[in-house]
Amino acid sequence: MIPKGDHISRFDHNIFEEVVKNLIKRKLKNESALMAETTSTEYTPCPIFVVANSVTNADAPPVLFRSYDRKGQSAAECYIWQATRATSAAPSFFKPMRIEIPKPGRFYIDGGLRYNNPSKLVLDEARHIWPTVKRFCLVSIGTGRQQTIEFVNINESPSSMEQDSGRLARAIPGTKLFRTIGNSTRGMLQLKRIAEASVRMSTSSEPVHQELYKLAHSGFDNSLRYHRFNVEKGMDSIGLEEWKANERLAQLTDDYMREGEAEKKRDDCVKDLVNPGPVECK
């Protein structure tokens, strides 16, 4: 059950929807274009999907809104703007998105909570679309390295924790009891820190990257060429809501790409993309 009203969201989803619809109308001449693409005799559309999570069953497999059919799965029959809203419905930023198809319909939130790095999903989809192909090249573009995730700050002194606890207790009306039970307020602060760390863990892209890197460089499996670009410094201080930070994002990215290691990674990636070699089939 989703609460009514927009008071639970920080931004107006209606404005976001209008912007997306106008963009789709400008590009495709139809704001109600479907995710499911029709095969054209002139060209073969690039297979595309976006990721979302079900609101009512958070630990279920991810929901992929596909533009293509594959064995066992059909292309999404919803509108492109609906899939865009669903995959952008980050909790507290935009309200969940309800899509009626397939019936009886359900609510979706942003797939970034569990699949902020969808690279493994991409590889799995590619293997289903081209089941006879033996070698794949995967290029992953990150949104910046996160800071270290801490459940407990080991450098924090007991006295500073007690001061924070006191400030918290004084900020809560009618909590005279908390002022005399320091352990309770310290526990509340630790719970807050654990909650914040849990969110950061659920949105971290690094574990998937490490898994794919090991797969591509294990020496036992030559089926994957893997390239990852992820700005190392500065991005973690830019929040999801800072949509005006384009100039800063561009500068951090430019600085990263001019570093020697990034240049080498770029050249290796270009080499694989421009000269991929013959397609190997099973």
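Just so it is clear, the structure is predicted and the values come from calculations on it, not from any experiment.

## With respect to the sheet that holds strand E1 (residues 49-54)
Argument step 1. Within the open sheet, the 4 strands sit side by side as E2-E1-E4-E3. Their pairing is antiparallel. The strands lining the two open edges of the sheet, one partner per strand, are strand E2 (63-66) and strand E3 (97-99). On average, each strand axis in the sheet is tilted by 45° relative to the strand beside it, whichever way the strands run.
Argument step 2. Alignment of E1 against E2, held across 4 bridges, turns out to be antiparallel. Opposite Phe 49, over in E2, you have Arg 66 as the bridge partner.
Argument step 3. The sheet strands contacting helix H2 (residues 80-88) are E1, E2, E3 and strand E4 (106-110), and the helix crosses E3 at an angle near 140°.
Argument step 4. Across the sheet, helix H4 (residues 119-129) lies against E1 and E2, angled at about 120° from E1, the strand it touches most.

## Structural notes on a nonpolar patch on the surface
Argument step 1. Taken together, the side chains of Val 139, Ile 141, Val 270, Leu 273 and Val 274 make up a nonpolar region of the molecular surface, amounting to roughly 490 Å² of accessible area.
Argument step 2. Those elements that place two or more of their residues in the nonpolar patch are strand E5 (136-141) and helix H10 (260-274).
Argument step 3. Per element, the largest residue contribution to the nonpolar patch is 3 residues, and it comes from H10.
Argument step 4. Structurally, the position occupied by Val 139 is in strand E5.
Argument step 5. Overall, Val 139 belongs to the partly exposed group, its relative accessible area being 35%.

## Some points on H2
Argument step 1. Of the residues making up H2, those classed as buried are Ile 80, Trp 81, Gln 82, Ala 83, Arg 85 and Ala 86.
Argument step 2. Of the surrounding secondary structure, the elements contacted by the buried residues of H2 are helix H1 (13-28), E1, E2, E3 and E4.

## A closer look at unusual backbone geometry
Argument step 1. The step from Ile 101 to Pro 102 runs through a cis peptide bond, and the omega angle for that step is 0°.
Argument step 2. Take Pro 102: it is sitting in the loop between E3 and E4.
Argument step 3. In the Ramachandran plot, Lys 29 falls in the positive-phi region, its phi being about 65° despite a non-glycine side chain.
Argument step 4. Looking at the secondary structure, you find Lys 29 in the loop between H1 and E1.

## Some details on the nonpolar core
Note that soluble globular proteins tend to have their nonpolar side chains buried in a common cluster.
Argument step 1. One finds Ile 24, Met 35, Phe 65, Cys 78, Ala 86, Ile 99 and Tyr 108 to be the most contacted residues of the largest nonpolar core, which totals 16 residues.
Argument step 2. At the level of secondary structure, the elements contributing two or more residues to this core comprise H1, E2, H2 and E3.
Argument step 3. With 10 residues, the next largest nonpolar core counts Ala 126, Phe 136, Ala 216 and Leu 224 among its residues.

## Some thoughts on the confidence of the model for the chain
Argument step 1. The share of residues in the chain with pLDDT of 70 or more is 75%, and the mean pLDDT across the chain is 81.
Argument step 2. When pLDDT is averaged over each helix and strand of the chain, the minimum, 48, is found for helix H6 (residues 176-180) and the maximum, 96, for H2.
Argument step 3. Contacts from residues 177-181, a stretch scored under 50 in pLDDT, to residues over four places away or in other chains number 6 contacts.

## Comments concerning the side chain of Asn 230
Argument step 1. Assignment of secondary structure puts Asn 230 in the loop between strand E6 (224-229) and helix H9 (246-257).
Argument step 2. Given a relative accessible area of 6%, Asn 230 falls into the buried group.
Argument step 3. Among the polar contacts made by the side chain of Asn 230, one reaches the main-chain amide nitrogen of Thr 143 at a distance of 3.2 Å.
Argument step 4. Sequence-distant contacts of Asn 230, defined by excluding residues within four places in its chain, comprise Gly 142, Thr 143, Gly 144, Arg 145 and Tyr 256.

## Focus: the pattern of salt bridges
Argument step 1. Counted according to the given criterion, the structure contains 12 salt bridges.
Argument step 2. The residue Arg 85 makes a salt bridge to Glu 17 at a minimum N-O spacing of 3.0 Å. Of the two residues, Arg 85 is situated in helix H2 and Glu 17 in helix H1; the sequence distance between them amounts to 68 residues.
Argument step 3. The exposure class assigned to Arg 85 is buried, which follows from its relative accessible area of 2%.
Argument step 4. A salt bridge links Glu 100 to Arg 98; the nearest nitrogen and oxygen atoms lie 3.0 Å apart.
Argument step 5. Here the salt bridges do not stand alone but share partners, grouping Arg 66, Arg 70 and Glu 125 into one network.

## Description of the packing of aromatic side chains
Argument step 1. Under the counting rule described, the total for this entry stands at 5 aromatic pairs.
Argument step 2. With a centroid separation of 6.1 Å and 45° between ring planes, the pair formed by Phe 11 and Phe 94 is classed as tilted. One end of the pair, Phe 11, is in the segment before H1; the other, Phe 94, is in the loop between H2 and E3, and 83 residues separate them in sequence.
Argument step 3. Its relative accessible area of 32% is what places Phe 11 among the partly exposed residues.
Argument step 4. The structure contains a cluster of three or more aromatic residues connected by ring pairs, namely Phe 11, Phe 16, Phe 93 and Phe 94.
Argument step 5. We note Lys 21 situated over the ring of Trp 81; from NZ or CZ to the ring centre the distance is 4.2 Å.

Rules of the game
Residues numbered from 1 in each chain as written. Predicted model: local features only at pLDDT ≥ 70, side-chain atom pairs only at ≥ 80, totals over all residues. Heavy atoms only, no water. Pairing = 2+ DSSP bridges. Helix = DSSP H or I, 4+ residues; strand = E, 2+ residues; numbered from the N terminus. Axes fitted to C-alpha atoms, helices over the stretch in contact; angles between N-to-C directions. Contact = heavy atoms within 4.5 Å. Patch = residues over 30% accessible without salt bridge, like charges linked within 9 Å, V, L, I, M, F, W, Y side chains within 5 Å. Areas by Shrake-Rupley, 256 points an atom, 1.4 Å probe, with all protein chains shown as cover. Salt bridge = Lys/Arg side-chain N within 4 Å of Asp/Glu carboxyl O. Buried < 20%, exposed > 50% of the residue type's maximum accessible area, 1.4 Å probe, protein only. Core = buried A, V, L, I, M, F, W, Y, C linked by side-chain atoms within 4.5 Å. pLDDT = per-residue confidence, 0-100. Polar contact = N/O pair within 3.5 Å; in protein donor to acceptor, adjacent residues only side chain to side chain. Phe/Tyr/Trp six-rings, centres within 6.5 Å; stacked < 30°, edge-to-face > 60°. Lys NZ or Arg CZ within 6 Å of the ring centre and 35° of its normal.

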